[in-house]
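Structure at a glance
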Amino acid sequence: MQVSSPTAAGVVLASGAGTRVGSATNKVFLPVAGRRVVSWAIEAMARPAEVGVLVLVVRPQDHDHVQWVLDRELDHLDIEIVHGGQTRQESELHALRHLASRIDEGSIDIVLIHDAARPLPSASLIGGVVHTAREHGGAVPGMRDDTLRRVNEDGSMLDGPLPEGLIRVQTPQGFRARPLLEAYESAAREDFVGTDTASCMEKYSDLPVHWIAGEGTNIKITYPDDVVLAEQLLAELNSQN
């Protein structure tokens, strides 16, 4: 019997509130360029051939919004739904535990963690994260930023330059699946909460994590102006297809 090659799982996190965008509705369910933000994000994750499993992590109270998107915009995709936790890290852990049996048997070798509020990652970026994670163990996309400055609590500028080599981190972040699951279980036992997926891996795994170049269009919708920019970028993208 022929055994199929392992595949990557794409986990899309949509379980945050997203209040800073100025909407009473979870921002990932806002309409942008004719579709919901989360719909764009999942479609992006589904495009690369390297991704064979799609997981959407949501809040239970968003059930009606989720079902609407699944029925109206994503009915052509096989999407597994997982309920998130109180924190981003707990939501990621729920997704990893959902995938655990397939990770253990080796059918899933890479897990990508992506913010639903980022609707515009390209297929080449996602594929690059998968390939780099398979080669090195982990991959994080990011943009170099020489405009960052350090300030203290009252907002005044502090003297001295920031260290060189800083990047503005993006998602999806990708890691070998088994070490990722083990790291998150270790973090749960110690009640550690990191800032993102890579921070948890840095503390609980020796897996090398490599930076790859991110994309200027891979924006995260956080504030009202971001919705306008995403609308413009997606409209431009659609006109090219």
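Structure: see above.
Residues numbered from 1 in each chain as written. Predicted model: local features only at pLDDT ≥ 70, side-chain atom pairs only at ≥ 80, totals over all residues. Heavy atoms only, no water.

Details of the overall build of the chain
Spelled out, the test is: Strands are runs of DSSP state E lasting at least two residues, helices are runs of H or I lasting at least four, and both sets are numbered from the N terminus onward. Only protein chains enter the accessibility calculation, which uses a 1.4 Å probe; a residue is then buried when its area is under 20% of its type maximum, exposed when over 50%, and partly exposed in between. Note on definitions: a residue-residue contact is assigned when non-hydrogen atoms from the two residues lie within 4.5 Å. Values of accessible area rely on a 1.4 Å probe in the Shrake-Rupley scheme; residue burial ignores everything except the protein chains shown.
Of regular secondary structure, the chain possesses seven helices and 10 strands. The buried share among the 241 residues of the chain stands at 49%. In the chain, the share of contacts with a sequence separation of at least 24, taken over all contacts with a separation of at least 6, comes to 75%. If you sum the accessible surface of the chain, you get close to 12400 Å²; carbon and sulfur atoms cover 49% of it.

A word on the nonpolar core
Put simply, the rule is: What we call a nonpolar core is a set of buried Ala, Val, Leu, Ile, Met, Phe, Trp, Tyr and Cys residues that are connected through their side-chain atoms within 4.5 Å.
Within the largest apolar cluster, 30 residues are counted, with the highest numbers of intra-cluster contacts made by Val-38, Ile-42, Leu-56 and Leu-112. Residue assignment for this core shows that the elements contributing at least two residues are β1 (7-14), α1 (37-46), β4 (51-58), α2 (63-72), β6 (108-115) and α4 (123-136). Apart from the residues lying within four places of it in its own chain, the contact partners of Leu-112 are Ala-9, Gly-10, Val-11, Met-45, Val-51, Ile-126, Val-129, Val-130, Pro-172, Gln-173 and Gly-174.

Focus: the pairing of β4
Basically, it comes down to this: Should DSSP find at least two bridges between two strands, the strands are taken to pair. We call a crossover right-handed when, viewed with both strands directed away from the observer, the connection leading from the first strand over the helix to the second proceeds clockwise.
With seven of its eight residues buried, β4 lies for the most part within the structure. Judged from the seven bridges that link them, β1 and β4 form a sheet pairing that is parallel. Bridge pairing in β4 places Leu-13 opposite Val-57. As defined by bridge partners, β4 adjoins strand β5 (residues 79-83) across five bridges and the pair is classed as parallel. Looking at the pairing, Leu-54 lines up with Ile-79 of β5. Remark: the β4/α2/β5 crossover connection has right-handed handedness.

Comments concerning the packing of aromatic side chains
The following threshold applies: What counts as a ring pair is set by centres within 6.5 Å for rings of Phe, Tyr and Trp (its six-membered ring), and what kind of pair is set by the plane angle: stacked under 30 degrees, edge-to-face over 60, tilted for all other angles. As a reminder, the over-ring test applies to NZ of lysine and CZ of arginine, requiring each to be within 6 Å of the ring centre and within 35 degrees of the ring normal.
Going through the model one piece at a time under the given rule, you end up with one aromatic pair. Note on Phe-192 and Tyr-204: the rings are 5.5 Å apart at their centroids and 70° apart in plane angle, and the pair reads as edge-to-face. With a gap of 12 residues between them, Phe-192 in the loop between α5 (177-189) and α6 (197-204) and Tyr-204 in helix α6 connect regions that are remote in the sequence. Residue classification places Phe-192 among the partly exposed residues on the basis of a relative accessible area of 22%. Sitting over the face of the ring of Trp-40, Arg-35 holds its NZ or CZ atom 5.3 Å from the ring centroid.

Focus: the side chain of Gln-173
Rules: Pairing of N or O atoms within 3.5 Å defines a polar contact, subject to two protein rules: one partner must be a possible hydrogen donor and the other a possible acceptor, and residues neighboring in sequence count only if both atoms are side-chain atoms.
Tracing the chain through its elements places Gln-173 in strand β9 (residues 173-176). Of the polar contacts made by the side chain of Gln-173, one reaches the backbone oxygen of Gln-170; its length is 3.5 Å. Within the structure, the side chain of Gln-173 is placed 3.1 Å from the backbone nitrogen of Ala-198, a separation counted as a polar contact. Aside from chain neighbours lying at most four places away, what touches Gln-173 is Val-111, Leu-112, Ile-113, Val-129, Ala-139, Val-140, Pro-141, Asp-196, Thr-197 and Ala-198.

A short note on the pattern of salt bridges
For clarity, the threshold we go by: For this analysis, a salt bridge means a side-chain nitrogen from Lys or Arg found within 4 Å of a carboxyl oxygen belonging to Asp or Glu.
Throughout the structure, instances matching the rule amount to 11 salt bridges. Between Arg-35 and Glu-43 there is a salt bridge; the shortest N-O distance is 3.2 Å. There is no split in this pair, since Arg-35 and Glu-43 are both buried. Measuring nitrogen to oxygen at the nearest pair gives 3.4 Å for the salt bridge that ties Arg-178 to Asp-104. A residue pair is termed long-range when its members are at least 10 positions apart, and Arg-178 in helix α5 and Asp-104 in helix α3 (residues 88-105) qualify at 74 residues.

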